Amino acid sequence: MATATAAATLLLTPNGAAADPTPRPGAPVREGSGPSDSGGAAEVPESATARALTAPVTELTPDAGTVRGYPRERVLTPDPENPADKSIKLGLTPYHAIAPELNALQRLGDRVSVEVTGRSAGGHRLYLVTVTAPESARQARAQERLRELIENAPVAAAADPAVKRDYKTPVFFNNNIHGNEWEGTDASLKLIEKLATAQDGSTTDLLAHHRVYFNITANPDGRIAGTRANAGGFDLNRDFVTASQPEVRAMRQIAIDKQPALMVDLHGYVNGTLIEPTTPPHGENYEYDLFLKNTYANALGMEAAVNSLGYTPEADGVEPAQIPFRDQEEGWDDWPPIFTPQYMPFHGTVAAHTVEFPMAVNNDEYDELPVTELRRRASINVAVAGAAMRASLDYARTHRGSLVADQIEVFRRSVTGAAQVPVSPETVPGVPGIGPEDVYTTDFPRAYVIPTGAGAQRSAPAAARLVDHLLANDVQVRRATRDFGLGVGGKTYAKGSYVVDLRQPKRGMANVMLADGRDISDKVSVMYDISGWSLGRLWGATVDTVRTSELTVPDRAVHAAAKVGYVAPGSTRWLRLRLDDAREIAALNSLLADGVAVRRAADGSAIVPVSARRKAVVAARTYDVVFDATKESGGAPLRRVRVAAAVTPGELFALREMNFDVVPVSTAVLDAGFDWSRADVLFASSGLDPAELAPAARAALDTFLAREGLVGRGATGAALNAAAGLLTVDVVEGNPDANGVVRVVNSSGGGVTAGAPDHSFVYAPVWFTGLGAGVRVEQSYASGVSGSPLVSGHWRALADGSGGPAQAAGRAAVVSGPHAVLFGTEPLFRDHPKGEFAQVARALLTVS
């Protein structure tokens, strides 16, 4: 995580945070996380987006017949020396020195193995180090069989003496996921050296019965540049539910293939050292009783180890360690599965921690403190990280049997459909302070159905994308081999529909992704980060919940979604491409870039001449989209839109994902003299303030907006609209803390929201009143049964009663006019709500 505050007065800002100005003494203060948090616009190179979109995922566990033993040594080619690496100033290991260091560690004996799990968005290698006693290929295959037994046949695994006797319990240390929180990498390199050479009984026993995995630097781009984000501008510790970035996909594969029972994610900076478990609310899809039991016990060991280092506030400026579950009321929660330790439990991890080093060395401290002081602080942090890891290994060694047994129990409950066990002093003895505020459980449905066939044709690309994403997260998906009914309102599903049976090992993963989530506004006063994220509501596919007790469906397991790409045969003169999905927008933009004459239909879809059939076939295969036959020839021609974008990194990434021609801009870029002939439309949400522009830049912007137009989001977009006088609207800003999934009502006709889902995502929601002549309401916040549009998340009114969901209900969320479209929602938030992307694309096409 980043640093956070436990104070109830914490204020969050879109995509990030601002610290409470007067936190209580000792409270962690949340740190901003880059351009989207500071109000700046993303200026990410297009190459980083291209790498992120195309980077393959390395399979760390190949088929059983090709499993190699340990050690798995490889000689790494050194990277060119980079004197600008920000690690150097701190006396820490620069990225270019890591490969030689790993080569040297492998030469120390037969315990250390190095594998490359992929490459970062900036093109740097990602290293996974395994430390364990040597294994033959046969022994490694046996370990893989035991791992699979634990996951897929947990009842048998619980009774199998080979599991207790032979299984090497996996432990995972994740380092440097925030690039400017460096020290975990150096502490891990020191610990690997110790484990490689130590001959004491504890070490040999540990390595005989465990595999210890180290992700050396999860974010080499940020390590080198001294930035929290990777080269794509993403906070990787917010990306797990979406997995847009290659570094996160690499970590996801480690979780799947290695199945850690215990993991620690090493961060900075909170003084004293912060060691999870967290405050409420707790993720409702966890087997939280097992998680809390182990995570709290290991936290106590880490706390003792860190405090025993002997650092004091008086001598060193180091405060005693803290455990949020025990020491704080709220503000550091484990609710969303976007952080590493909150994602890993869905793969069987029963002890998962964020650990925050105490001594800040980044941001202002990095720039302002003397090098000697920075290095003193960094050395303390390295020692703290080392103590936390050593304590975790001690816990794993002394609790090996119970860790494996609890992991087996997680999977047993899942495959048998057993109920969760609510936490209480009786169910989790030894953990103080458990109260009703800590009880979060969910009612797992029997299954989910993702329909296909004629009735679901509009969402076919979205359904395929969602299924592939579930499979990538190790969720088992099956496909109906004939039509079937489930008694769900008498509904019948077509052959080929997908079924996600929740009696499977990763039921928590399936449910945390597909369920609506919960409105937790009345549970806590403040949340650490987002509170709603439903793929079932936000990714564009139809997802039905099945509550029947029996599930009898003729089906088969699938390992990839069926391709839906199709071009209608025959002699029709015209082909129609719907523009309801991001993939369809990407296909359209590829055709426009290739010179195809495309026209817009009355319903907003794209009409392609049959003379471009070959190019349509390529687009259908590339983007997995459908071109139907139509008699409609279309109206106005569509053209390739060049977008000047003052946006957050996630929005910039989403625009490029849809193949828009994008040039990033900001206040600074415009002041430097931007050539507006390079753009057809401005999309603005962050980092562009007309009041701060120099006169010449302001005049050029006004001229452009009057001639072309604006797509704006949030307060920044609304301010630009007001400055340019494009749409006559009054702007109401909701509670800036508010975020989650909301119900919306889309306008009829072929406007911006045609074909859009009836749910959207908000963060610091905005709505529009006082609509002037010519202003069209494209989308409104729904009133809902309770008078609130919020489905899941956290949205309270402000202290004066304003800014809440009741005030937003029925109000315009998206409005348009001849030269502008304004969004009060977050349709591209962190590249996540895939089903909403097309709204922005339609807006760009309409305005331009």
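Look up a bit, the structure's there.
Given the structure is predicted, the values throughout are model-derived calculations rather than measurements.

Comments concerning the overall build of the protein
Looking only at helices and strands, the protein has 28 helices and 36 strands in total. For 848 residues, the compact-globule estimate of 2.2 N^0.38 gives 29 Å, and the C-alpha radius of gyration of the protein, at 27 Å, lies within 12% of that figure. Oriented by its inertia axes, the alpha-carbon framework of the protein measures out at about 80 × 65 × 55 Å. Per-residue burial over the protein gives 62% buried out of 848 residues. Long-range contacts, defined here as pairs at least 24 residues apart, represent 79% of the contacts in the protein between residues at least 6 apart. Accessible surface computed for the protein: about 28700 Å², of which carbon and sulfur atoms make up 51%. If you average the places of the 81 positive and of the 96 negative side-chain charges in the protein, the two averages end up 8 Å apart.

Observations concerning helix α21 (residues 582-593)
In this model, α21 (12 residues) spans 16 Å end to end at C-alpha, consistent with the 16 Å of a helix rising 1.5 Å per residue. Buried within α21 are the following residues: Ala582, Glu584, Ile585, Ala586, Ala587, Leu588, Asn589, Leu591 and Leu592. At the N-terminal boundary of α21, the capping side chain belongs to aspartate 581, with an oxygen 2.9 Å from the backbone nitrogen of arginine 583.

Thoughts on the pattern of salt bridges
The final tally for this structure, using the stated rule, is 48 salt bridges. Measuring nitrogen to oxygen at the nearest pair gives 3.0 Å for the salt bridge that ties aspartate 166 to arginine 165. Where aspartate 581 meets arginine 465, a salt bridge forms, and the shortest distance between an N and an O atom there is 2.7 Å. Pair noted here: aspartate 581 is in the loop between β20 (574-577) and α21 and arginine 465 is in helix α18 (residues 460-472), with a separation of 116 residues, a long-range link. An identical accessibility class is assigned to aspartate 581 and arginine 465; each is buried. Bridged by salt links that share partners, the residues Glu181, Arg228, Asp235, Arg238, Asp529 and Arg830 form one connected network.

Let's talk about the sheet that holds strand β12 (residues 447-450)
Spatially, β17-β12-β16-β13-β18 is the arrangement adopted by the five strands of the open sheet, whose pairing is antiparallel. For this open sheet the edge positions go to β17 (544-546) and β18 (555-558), each flanked by a neighbour on one side alone. Within this sheet the neighbouring strands show an average axis-to-axis angle of 30 degrees, counted without direction. When strand β13 (residues 477-480) meets strand β16 (residues 498-501), the two strands line up antiparallel, connected through two bridges.

Some details on the sheet that holds strand β24 (residues 637-638)
Read across the sheet, six strands follow the order β19-β23-β20-β22-β21-β24 without closing on themselves; strand pairing throughout is mixed. One side of each edge strand has no neighbouring strand; the edge strands of this open sheet are β19 (566-567) and β24.

Remarks on the side chain of serine 792
Among the secondary structure elements, serine 792 is positioned in strand β34 (residues 790-794). For serine 792, a relative accessible area of 0% translates into the label buried.

Conventions used here
Residues numbered from 1 in each chain as written. Predicted model: local features only at pLDDT ≥ 70, side-chain atom pairs only at ≥ 80, totals over all residues. Heavy atoms only, no water. Helix = DSSP H or I, 4+ residues; strand = E, 2+ residues; numbered from the N terminus. Rg over C-alpha atoms; globule rule 2.2 N^0.38 Å. Buried < 20%, exposed > 50% of the residue type's maximum accessible area, 1.4 Å probe, protein only. Contact = heavy atoms within 4.5 Å. Areas by Shrake-Rupley, 256 points an atom, 1.4 Å probe, with all protein chains shown as cover. Lys, Arg positive; Asp, Glu negative; His and termini not counted. Charge placed at Lys NZ, Arg CZ, Asp CG, Glu CD. Expected span 1.5 Å × (residues − 1). Polar contact = N/O pair within 3.5 Å; in protein donor to acceptor, adjacent residues only side chain to side chain. Salt bridge = Lys/Arg side-chain N within 4 Å of Asp/Glu carboxyl O. Pairing = 2+ DSSP bridges. Axes fitted to C-alpha atoms, helices over the stretch in contact; angles between N-to-C directions.

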